Amino acid sequence: MATDTHAATGHEAEAAHGAAEAAASAPGMPQLDFSNWGNQIFWLLITLVVIYFVLSRIALPRIAAVLAERQGTITNDIAAAEDLKRQAVEAEEAYNKALVDARAEAQAIIAQNKAEMQAELDAALAKADTEIAAKAAESEKAIAEIRASAVESVEAVAKEAAQEIVAALGGKADAAAVADAVTNRIKG
Amino acid sequence: MEGQLAHIGAGLAAIGSGAAAIGVGNVAGNFLAGALRNPSAAASQTATLFIGIAFAEALGIFSFLVALLLMFAV
Amino acid sequence: MATEAHGAEEGGLVFHPMDQFIIKPLFGGDEIGLFTITNATLWMALTVLAIVGLLVFGSSRRAIVPSRGQSVAELAYGFVYKMVEDVTGKDGVKYFPYIMTLFMFIVMANFLGLIPMSFTTTSHFAVTVVLALLVFLTVTILGFVKNGTGFLGLFWVSSAPLPLRPILAIIELISYFVRPVSHSIRLAGNVMAGHAVIKVFAGFAAIAVISPVSVVAITAMYGLEVLVAFIQAYVFTILTCVYLKDALHPHH
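Residue numbers restart at each chain and count upward from 1, following the sequence in its written direction. Note on labels: chains are lettered from A, ligands numbered from 1, in written order. Reporting of local features is limited, given that this is a predicted model, to residues whose pLDDT is at least 70; pairs of side-chain atoms are given and counted only at 80 or more, and all residues count toward the totals for whole chains, interfaces and linings. Side-chain numbers come from the whole structure's heavy atoms, not from hydrogens or water.

(A) Local environment of the overall build of chain A. Secondary structure elements are defined from DSSP: runs of H or I of at least 4 residues count as helices, runs of E of at least 2 residues count as strands, and each element is numbered from the N terminus. Helix and strand counts for chain A come out as five helices and zero strands. The linear arrangement of helices and strands in chain A, starting from the amino end, is α-α-α-α-α. Here chain A holds 188 residues, and the buried ones make up 18% of them. Counted over contacts in chain A with a minimum sequence separation of 6, partners at least 24 positions apart contribute 29%. Using the Shrake-Rupley algorithm and a 1.4 Å probe, accessible areas are obtained, with residue cover drawn only from the displayed protein chains. Only carbon and sulfur atoms are counted for the fraction: they give 62% of the accessible area of chain A, which is about 13100 Å². Whether a residue is buried, partly exposed or exposed follows from its accessible area with a 1.4 Å probe, protein chains only, as a fraction of its type maximum: under 20%, in between, or over 50%, in that order. In this analysis, two residues are considered to be in contact whenever any of their non-hydrogen atoms come within 4.5 Å of each other.

So, in structure tokens, the structure goes:
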């Protein structure tokens, strides 16, 4: 299309509407104005060459290096992370093992203590039993003695009492006969 | 008169853009249908999708170009 | 994106969607010689600066944990590198700087062109045709250097039945020579179309009733254009890779 001043001043009336506009502005599409192709192509080629050299010499190798470096870092970091993870797992296993050991030891100590206590208890119980048995036997013996002596005393008292009663009744007491009779009575 | 005929011609040429739209829609729609059937293969075919769209669209652009030529260059 | 001056002077509903693509000398004068500094030159230079800023200064700290700029630089590197490697195979990797140059130039020029009042260098056929021809010539020469006459096997489809092969060869030959045409027109056409459409919507904004709709439409188109700016760069690059693969391995 024509320059601004041209359109504005010269052909204002026809340029306003319709087909006259196309006629007024020389080549309708600036793209098809071949007079400026040489200029555009010249600058385009320069642009492309500049971009190509900037990219191939500076930018692309640098970005490739950065990407490779990052890939390396990531690989290393992953390896390191795996290593750490393995160590952590090992530590956990060791900890668990220690825990199990400690628990087993504690169990053993408890069992031992329990056994010892049981043994002591048993011994004490046995001792107590024997003592008690001895005491009981002693007591029985004492009781038996007491009873024997009591029976003897009762016999003696009974004989005396019988002689006295016989005497009091006026009979002539034969001491031996009375004693025999009392003894028989008590026994029988 | 001739200029007005050219404008009518430009309008007719613009119909081609609609045809190109149908073509692009076909390509994209069929791609989507295929991609939903087999989503795992879809990612590898996006380049083909764009090439197909580009070819379909180029013809529409040709008709647009014809319209422009009729409007401004005839 | 373009000069708004004479739309305002004339008033009313006047569209000048193509004015934004006019090439003007920056420092006075009307003649555009071969070495004249024009607005196209300026925006190409800005594209170079943007690329240098992103890829050179962005990566200058060489940090293991990347900053934002470095992440973007690495992302772009990885994106294009993976594309080249996936499409052309291991032996295509040595052409990676060339393809990266194309990609970075196109994507940066497209994005810079989306800045309001800027100039989009990739909307000009002069630029895209040169880009496409560079690819075409490189690929063709490379194909013959690498494979000798075996490169012609690209046109001789040995899997087809024998009587069909000459016909297929003609079709393949035509499609081979149409490649640079579609390659270049696709990029310039997409960029130009988007910018022109935005401009047309902007023209509608002169009518007060429609202007809110127009503003919404411009916003939506702008979003689409951001997408297109990237996708077209991607498509251009991946087609370059595909053509390169054809040159390196003509027997599919």
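(B) Spotlight on the pattern of salt bridges. Residues and elements named next belong to chain A. Any Lys or Arg side-chain nitrogen located within 4 Å of an Asp or Glu carboxyl oxygen qualifies as a salt bridge. A full pass over the atoms with the stated rule returns seven salt bridges over all chains. Its salt-bridge partner being D83, residue R86 comes within 2.4 Å of it at the nearest N-O pair. Here R86 and its partner D83 are both found in helix 4 (residues 37-168), three residues apart, which amounts to about one turn of the helix. According to the relative accessible area criterion, D83 is partly exposed, its value standing at 33%. Between K159 and E155 there is a salt bridge, with its nearest N and O atoms 3.5 Å apart. Taken together, the positions of K159 and E155, both in helix 4 and four residues apart, correspond to about one turn of that helix. Several salt bridges share partner residues, and in doing so they unite D83, R86 and E90 into one network.

(C) Local environment of the side chain of S184(C). Residue and element names in this part refer to chain C. Tracing the backbone shows S184 in helix 6 (residues 165-204). Judged by its relative accessible area of 3%, S184 is buried. When sequence neighbours within four positions are dropped, the list of residues in contact with S184 reads T128, V129 and A132.

(D) Quick look at the UniProt feature "coiled-coil region" (unreviewed entry) in chain A. The positions that UniProt labels "coiled-coil region" (unreviewed entry) are, in the present scheme, residues 74-101 of chain A. With 100% helix and 0% strand, the stretch residues 74-101 of chain A has end C-alpha atoms that lie 40 Å from each other. UniProt positions are given in the numbering used here, feature names are shortened, and annotations may be inferred rather than shown by experiment.

(E) Representation of the environment of A73(C) in the model. All names here are of chain C. Mapped onto the secondary structure, A73 falls in helix 3 (residues 68-88). Since its relative accessible area comes to 0%, A73 is described here as buried. A sequence separation of 16 residues divides A73 from F57, and the C-alpha atoms of the two residues are 9.5 Å apart.

(F) Up close: the UniProt feature "transmembrane region" (unreviewed entry) in chain A. Here, the residues flagged by UniProt with the feature "transmembrane region" (unreviewed entry) are residues 41-60 of chain A. Taken end to end, residues 41-60 of chain A is 100% helix and 0% strand, and its two terminal C-alpha atoms sit 26 Å from one another.

(G) Seen up close, the UniProt feature "transmembrane region" (unreviewed entry) in chain C. All names here are of chain C. Within this numbering scheme, the UniProt entry marks residues 32-57, 95-113, 125-145, 151-175, 196-220 and 226-244 as carrying the feature "transmembrane region" (unreviewed entry). Within residues 125-145, the helical portion is 100% and the strand portion 0%, while the C-alpha atoms at the span's ends are 29 Å from each other. Helix makes up 76% of residues 196-220 and strand makes up 0%, while its end C-alpha atoms are separated by 14 Å.

(H) Up close: the side chain of Q20(C). Locating Q20(C) in the fold gives a position in the loop between helix 1 (5-10) and helix 2 (39-57). In protein, a polar contact means a hydrogen-donor-capable atom and an acceptor-capable atom, both N or O and within 3.5 Å, with residues adjacent in sequence counting only if both atoms are side-chain atoms; elsewhere, any N or O pair within 3.5 Å suffices. Among the polar contacts made by the side chain of Q20(C), one reaches the main-chain carbonyl oxygen of H195(C) at a distance of 3.0 Å.

(I) Up close: empty space enclosed by the protein. Residues and elements named next belong to chain C. Think of a 1 Å grid over just the protein atoms. A cavity is a set of points where a 1.4 Å probe fits yet cannot get out, a pocket is an open set with protein on both sides within 12 Å along at least five of seven lines, and lining residues have an atom within 4 Å of a point. Grid points are joined across faces, edges and corners, and a volume is the space filled by probe spheres set on the points. Tallying each qualifying case throughout the model produces four cavities of 30 Å³ or more. Approximately 50 Å³ is the volume attributed to the second largest cavity. Around the second largest cavity sit Y95, Y98, I99, V135, T138, V139, T240 and L244, which together line it. If you list the elements that add at least two residues to the lining of the second largest cavity, you get helix 4 (96-113), helix 5 (125-147) and helix 7 (211-248). If one sorts the elements of the lining of the second largest cavity by residue count, helix 5 sits on top with three residues.

(J) Structural context of the packing of aromatic side chains. Between 30 and 60 degrees the pair is tilted, below 30 it is stacked and above 60 it is edge-to-face, where a pair is any two Phe, Tyr or Trp rings, Trp via its six-membered ring, whose centres lie within 6.5 Å. On inspection of all chains with the given rule, the structure shows 19 aromatic pairs over all chains. An angle of 80 degrees between the planes, with centres 4.7 Å apart, marks the rings of F42(A) and F35(C) as edge-to-face. With one member in each of two chains, F42(A) in helix 4 and F35(C) in the loop between helix 1 and helix 2 form a pair that bridges those chains. Between F151(C) and Y176(C), the aromatic rings sit 6.2 Å apart at their centres with planes inclined by 75 degrees, giving edge-to-face as the arrangement. Separated by 25 residues along the polypeptide, F151(C) in the loop between helix 5 and helix 6 and Y176(C) in helix 6 bring together distant segments of the chain.

(K) Representation of the nonpolar core within the structure. Core analysis: the biggest nonpolar cluster contains 63 residues, and L44(A), L55(A), L55(C), M100(C), M104(C), F105(C) and L131(C) have the highest contact counts within it. For this core, the secondary structure elements donating two or more residues are helix 4 of chain A, helix 3 (46-73) of chain B together with helix 2, helix 3, helix 4, helix 5, helix 6 and helix 7 of chain C. When residues in this core are grouped by element, the largest group, 13 residues, is from helix 7 of chain C. Beyond its immediate chain neighbours, meaning those up to four positions away, M100(C) contacts L55(A), L60(A), L55(C), A76(C), Y77(C) and V80(C). Among buried residues, those of type Ala, Val, Leu, Ile, Met, Phe, Trp, Tyr and Cys that are joined through side-chain atoms within 4.5 Å constitute a nonpolar core.

(L) Spotlight on the packing of helix 3 of chain B against helix 7 of chain C. The interhelical angle for the contact between helix 3 of chain B and helix 7 of chain C, taken along N-to-C directions, is 105 degrees, at an axis separation of 10 Å. When the interaxial angle is binned, helix 3 of chain B and helix 7 of chain C end up roughly perpendicular. Each of A47(B), F50(B), I51(B), A54(B), F55(B) and E57(B) in helix 3 of chain B lies in contact with helix 7 of chain C, whose residues at this interface are I231(C), Q232(C), Y234(C), V235(C), I238(C), L239(C) and V242(C). Class assignment for the residues of the contact of helix 3 of chain B with helix 7 of chain C results in 11 nonpolar, one polar and one charged. As a rule, the C-alpha atoms of each element are fitted with a line to give its axis, helices using only the stretch in contact, and angles between N-to-C directions run from 0 to 180 degrees. Convention used here: angles under 35 degrees read as roughly parallel, angles over 145 as roughly antiparallel, angles from 65 to 115 as roughly perpendicular, and any remaining angle as oblique. Residue polarity is assigned by list, with Asp, Glu, Lys and Arg as charged and Ala, Val, Leu, Ile, Met, Phe, Trp, Tyr, Cys and Pro as nonpolar; anything else, Gly included, falls into the polar class.

(M) Examining a nonpolar patch on the surface more closely. Residues and elements named next belong to chain C. Like-charged residues within 9 Å of one another, or nonpolar side chains (Val, Leu, Ile, Met, Phe, Trp, Tyr) within 5 Å, are grouped into patches, provided each residue has over 30% relative accessible area and no salt bridge. Taken together, the side chains of L26, F27, I37, L42, L46 and L49 present a nonpolar region at the surface, about 550 Å² in accessible area. Residue placement: L26 occurs in the loop between helix 1 and helix 2. Under the relative-accessibility criterion, L26 is labelled partly exposed at 36%.

(N) Quick look at helix 2 of chain C. In this model helix 2 of chain C runs 25 Å from its N-terminal to its C-terminal C-alpha over 19 residues, within 8% of the 27 Å that 1.5 Å per residue would give. Among all positions of helix 2 of chain C, only N39(C), A40(C), T41(C), W43(C), M44(C), T47(C), V48(C), I51(C), V52(C), L54(C), L55(C) and V56(C) are buried. Along its buried surface, helix 2 of chain C packs onto helix 4 of chain A together with helix 3, helix 4 and helix 5 of chain C. The N-cap of helix 2 of chain C, judged by a side-chain oxygen 3.3 Å from the amide nitrogen of A40(C) a few residues on, is T38(C). What a helix is expected to span follows from its residue count: subtract one and scale by 1.5 Å.

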